[in-house]
Structure formats: C-alpha cells, structure tokens
Amino acid sequence: MKQFKDPEFMGNFIDKYRDMRNLWEVKNSLYRIKPARKASLEKLLEYVKTQIPNADIEFVERKIGSLRSTYRKELNKVHASMRSGAAAEDMYVPSLWYYSRMQFLKTRWKPGNHFLHFHPPLPQPQLRLPRTNLGLPSWKKLRSPAGARKTSARTRLWNVADRRRR
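Residues numbered from 1 in each chain as written. Predicted model: local features only at pLDDT ≥ 70, side-chain atom pairs only at ≥ 80, totals over all residues. Heavy atoms only, no water.

Visitor: Lay out the side chain of Asp-15 with the relevant residues and their values.
Guide: By the secondary structure assignment, Asp-15 is in helix α1 (residues 7-19). On the basis of relative accessible area, Asp-15 is assigned to the buried category, the value being 18%. One polar contact links Asp-15 to Arg-18, side chain to side chain, over a distance of 3.3 Å. (Helix = DSSP H or I, 4+ residues; strand = E, 2+ residues; numbered from the N terminus. Buried < 20%, exposed > 50% of the residue type's maximum accessible area, 1.4 Å probe, protein only. Polar contact = N/O pair within 3.5 Å; in protein donor to acceptor, adjacent residues only side chain to side chain.)

Set out below in structure tokens:
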C-alpha cells in the first residue's frame, strides 16, 4: 500500500503508536488487558482509514509488526558493529529513515532504560566460578562429565520424584 509508505503519514502513524504505550510497553498496566489494547488499535485504525479506507485491525497489527521487525533488524546491525570492535568511522549507520523515531522501542528490549537516546554499553563477560565453590545444594553440584551417557527425560523425572520422596 503506497499510501501507508508516505513518509508524512507513516511518521504520524509511528508517533501515534508511541503515544499508545499499552501497545508496546510491557510494564504498562494496560498492556495485558485485551479490551484496552483493542481500543488503542481501533484509534490507530481510525487514523489509517483516512488514507486506506478498506483497512482493518489485522492490517494495522501487521503494519506495526513490520515496523518493529525492520527496526529490530537495524538495531541488531548497530549492536553487531559495536561488538565487532569496529572503529567509530566504520560503525554501522542505520539506513532506515524512521529509525530515530522508533527509538522508544529500545525500552521494550532493554527494561529500565526508558529514555535512551544513545547506544547502551556492551555487556561485560561473566566470570565463571568453579562448580565446587558455588554454595549450591549438593544435588545441583552433580554434573555428568562431557563424555558421559545422557539420561532420558523420563529417567530424570523419576530421579527428581525419588529425591522428593526422601
């Protein structure tokens, strides 16, 4: 639909989507309430119908999914170039024209960073502790060696049930 790809229309659509936090913010109290989500989608549908008269809710949901998927792919490319150790001038620059408008979705994948306008720091490697010093219960310390025969799921269930009976 060419009408939907109009930059002005799609930009306004993204802005309206951003304002309806219950559609994308997991911590929002209305996120899991279907009638509230449906009401927000209906509002978006009213806006979309100004350009595409035969649109329905499924069309709006598909367009939202498409926008989010494309944004996520670009975000992954940016993070991959950061992890690769590329120099600042060799960093990937997103080619998606609405990439900056979709920055609010970063909070969806990085909880707690609600107003990020920069790339988050790279994750630090975790130190591995020897298994004997973990302070875990003895049954959790037991691990089979790499070459040992694997037990079936049924056997593991029986072993867990047997431990609980003791």
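Visitor: Lay out the pattern of salt bridges with the relevant residues and their values.
Guide: Counted by the stated rule, this structure contains four salt bridges. Of the charged contacts, one joins Asp-15 and Arg-18 as a salt bridge, the two residues approaching to 3.3 Å between their closest N and O atoms. Of this pair, Asp-15 and Arg-18 both sit in helix α1, three residues apart, which is roughly one turn of that helix. Assessed through its relative accessible area of 30%, Arg-18 is described here as partly exposed. Arg-101 is the partner of Asp-15 in a salt bridge, and the nearest nitrogen-oxygen pair spans 3.8 Å. Pair noted here: Asp-15 is in helix α1 and Arg-101 is in the loop between α3 (57-83) and α4 (106-109), with a separation of 86 residues, a long-range link. The class for Arg-101 is partly exposed, based on a relative accessible area of 31%. Residues joined by salt bridges that share partners form a network here, namely Asp-15, Arg-18 and Arg-101. (Salt bridge = Lys/Arg side-chain N within 4 Å of Asp/Glu carboxyl O.)

Visitor: Please set out the nonpolar core residue by residue, giving values where relevant.
Guide: Counting 31 residues, the largest nonpolar core has Phe-4, Phe-13, Tyr-17, Leu-44, Val-48, Val-60 and Met-102 as its most contacted members. The set of elements that each furnish at least two residues to this core consists of α1, α2 (34-49) and α3. Ranked by the residues each element gives to this core, the list is headed by α3, at nine residues. What Phe-4 contacts, discounting residues up to four positions off in sequence, is Phe-9, Met-10, Phe-13, Val-48, Ile-52, Phe-59 and Lys-63. (Core = buried A, V, L, I, M, F, W, Y, C linked by side-chain atoms within 4.5 Å. Contact = heavy atoms within 4.5 Å.)

Visitor: I'd love a proper account of the packing of aromatic side chains, names of residues and values included.
Guide: A full pass over the atoms with the stated rule returns five aromatic pairs. Pairing Tyr-17 with Phe-104 gives two aromatic rings, centres 5.9 Å apart and planes at 65 degrees, and the pair type is edge-to-face. Residue Tyr-17 is located in helix α1, and its partner Phe-104 is located in the loop between α3 and α4; the two are separated by 87 residues in the primary sequence. With relative accessibility at 10%, the residue Phe-104 sits in the buried group. Ring pairing ties together the aromatic residues Tyr-17, Trp-24 and Phe-104, which thus form one cluster. (Phe/Tyr/Trp six-rings, centres within 6.5 Å; stacked < 30°, edge-to-face > 60°.)

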